[in-house]
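# Per-entry structural report
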Amino acid sequence: MDTEIAQTDDLRLVALQSAVNCTDMFVRFTLSEWSLRPMSEEAAQAATHLVSVVVNHSDAQAPGFVSVRLRIHGNNLVIEVEDEAGVLPGTVPEDPAGTRVEVFPSGRGRIARCELELPRGMRASDVPLPRRDPKRTSPSEQRSEPDSEDFDPQVMERLLSSLSKRGGQRPSHE
């Protein structure tokens with residue numbers, strides 16, 4: 001059994017109609033970060049389908065939470081949608097692309113899960129980590145004075161001027 005998991009990300013939402021659009025954006029952004037854009041359309045369609053099922057079965061007056069989880073496992077993208085209120089039916093129809101969905105109980109409710117194969121025979125280890133800017137300094141190394149490259153007096157003057165116009169007067173320095 002392949003237990004290799006290289007990436008994981010999740011998002012917790014209120015089970016309202018807006019969760020469907022948020023799920024779509026979350027999936028597309030995450031797959032872009034993971035350099036898996038070719039899978040974005042299919043994955044977004046599968047994830048939004050699962051979230052839609054939860055939203056359609058939720059009480060709009062007292063909605064629960066729904067969590068969307070993406071994982072790269074082996075040679076698959078795993079999409080899990082956890083319904084914390086337990087409104088998800090025991091079976092979920094396949095999404096329009098025909099992706100097979102499994103539903104099983106979780107500690108809080110139910111999880112609907114589907115898997116999509118990674119492109120071109122990729123494996124989890126082939127998916128690069130998202131690029132992040134390096135951390136400048138640790139908190140213990142921070143100085144009390146801003147770096148000259150981070151501080152532009154003209155920008156600060158424009159900011160203070162703008163703030164003073166909003167308040168009617170420039171703040172006095174006593």
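Our subject is the structure listed above.
Note that the coordinates shown come from a computational prediction; the quantities given were computed from them, not determined experimentally. (Residues numbered from 1 in each chain as written. Predicted model: local features only at pLDDT ≥ 70, side-chain atom pairs only at ≥ 80, totals over all residues. Heavy atoms only, no water.)

A surface patch of nonpolar side chains, about 330 Å² in accessible area, is lined by Met156, Leu159, Leu160 and Leu163. Within the fold, methionine 156 resides in helix α3 (residues 153–167). According to the relative accessible area criterion, methionine 156 is partly exposed, its value standing at 34%. (Patch = residues over 30% accessible without salt bridge, like charges linked within 9 Å, V, L, I, M, F, W, Y side chains within 5 Å. Areas by Shrake-Rupley, 256 points an atom, 1.4 Å probe, with all protein chains shown as cover. Salt bridge = Lys/Arg side-chain N within 4 Å of Asp/Glu carboxyl O. Helix = DSSP H or I, 4+ residues; strand = E, 2+ residues; numbered from the N terminus. Buried < 20%, exposed > 50% of the residue type's maximum accessible area, 1.4 Å probe, protein only.)

On inspection of all chains with the given rule, the structure shows 0 aromatic pairs. Geometry around phenylalanine 65 places arginine 12 over its ring, the cationic atom sitting 3.9 Å from the centre. (Phe/Tyr/Trp six-rings, centres within 6.5 Å; stacked < 30°, edge-to-face > 60°. Lys NZ or Arg CZ within 6 Å of the ring centre and 35° of its normal.)

Turning our eyes to something else, we now look at the environment of glutamate 94. Here glutamate 94 shows up in the loop between β3 (76–83) and β4 (102–105). C-alpha of glutamate 94 to C-alpha of leucine 50: the two residues are 44 residues apart in sequence and 9.2 Å apart in space. Filtering out sequence-adjacent residues up to four positions away, glutamate 94 remains in contact with His49, Thr99 and Arg100. (Contact = heavy atoms within 4.5 Å.)

Let's shift gears to the nonpolar core. Core analysis: the largest hydrophobic core is formed by 36 residues, its most contacted members being Leu36, Leu77 and Ile79. Of all the secondary-structure elements, those providing two or more residues to this core are α1 (18–33), α2 (40–57), β2 (65–73), β3 and β5 (110–117). The element contributing the most residues to this core is α2, with 9 residues. In this view, leucine 36 contacts Leu31, Ile72, Leu118, Pro119, Met122 and Val127; residues no more than four positions away in its chain are not counted. (Core = buried A, V, L, I, M, F, W, Y, C linked by side-chain atoms within 4.5 Å.)

Moving on to the packing of α1 against α2. Where α1 contacts α2, the axes come no closer than 9 Å and their chain directions differ by 150°. Here α1 lies roughly antiparallel to α2, going by the angle between them. By crossing handedness, the relation of α1 to α2 is classed as right-handed. Here Ala19, Val20, Thr23, Asp24, Val27, Arg28 and Leu31 of α1 lie close against α2, whose contacting residues are Ser40, Glu41, Ala43, Ala44, Ala47, Thr48, Val51, Ser52 and Val55. (Axes fitted to C-alpha atoms, helices over the stretch in contact; angles between N-to-C directions. Parallel < 35°, antiparallel > 145°, perpendicular 65-115°, else oblique. Left-handed = near helix turned anticlockwise from the far one by under 90°.)

Time to look at α2. Between its terminal C-alpha atoms α2 stretches 26 Å, which fits the 26 Å expected from 18 residues at 1.5 Å a residue. All of the buried residues along α2 are Ser40, Ala43, Ala44, Ala46, Ala47, Thr48, His49, Leu50, Val51, Val53, Val54 and Val55. Looking at the buried side of α2, the elements it contacts are α1, β2, β3 and β5. (Expected span 1.5 Å × (residues − 1).)

Our next topic: the pattern of salt bridges. Across all of its chains, the model carries 10 salt bridges by this definition. One salt bridge in this structure joins glutamate 80 and arginine 71, with 3.1 Å as the shortest N-O distance. By relative accessible area, glutamate 80 is classed as buried at 8%. Given a relative accessible area of 15%, arginine 71 falls into the buried group. The salt bridge partner of glutamate 102 is arginine 100, with a shortest N-O separation of 4.0 Å. A relative accessible area of 34% places glutamate 102 in the partly exposed class. In this structure arginine 100 comes out as exposed when scored by relative accessible area, which is 59%. Through salt bridges with shared partners, a single network forms among Arg69, Arg71, Glu80, Glu82, Arg100, Glu102, Arg113 and Glu115.

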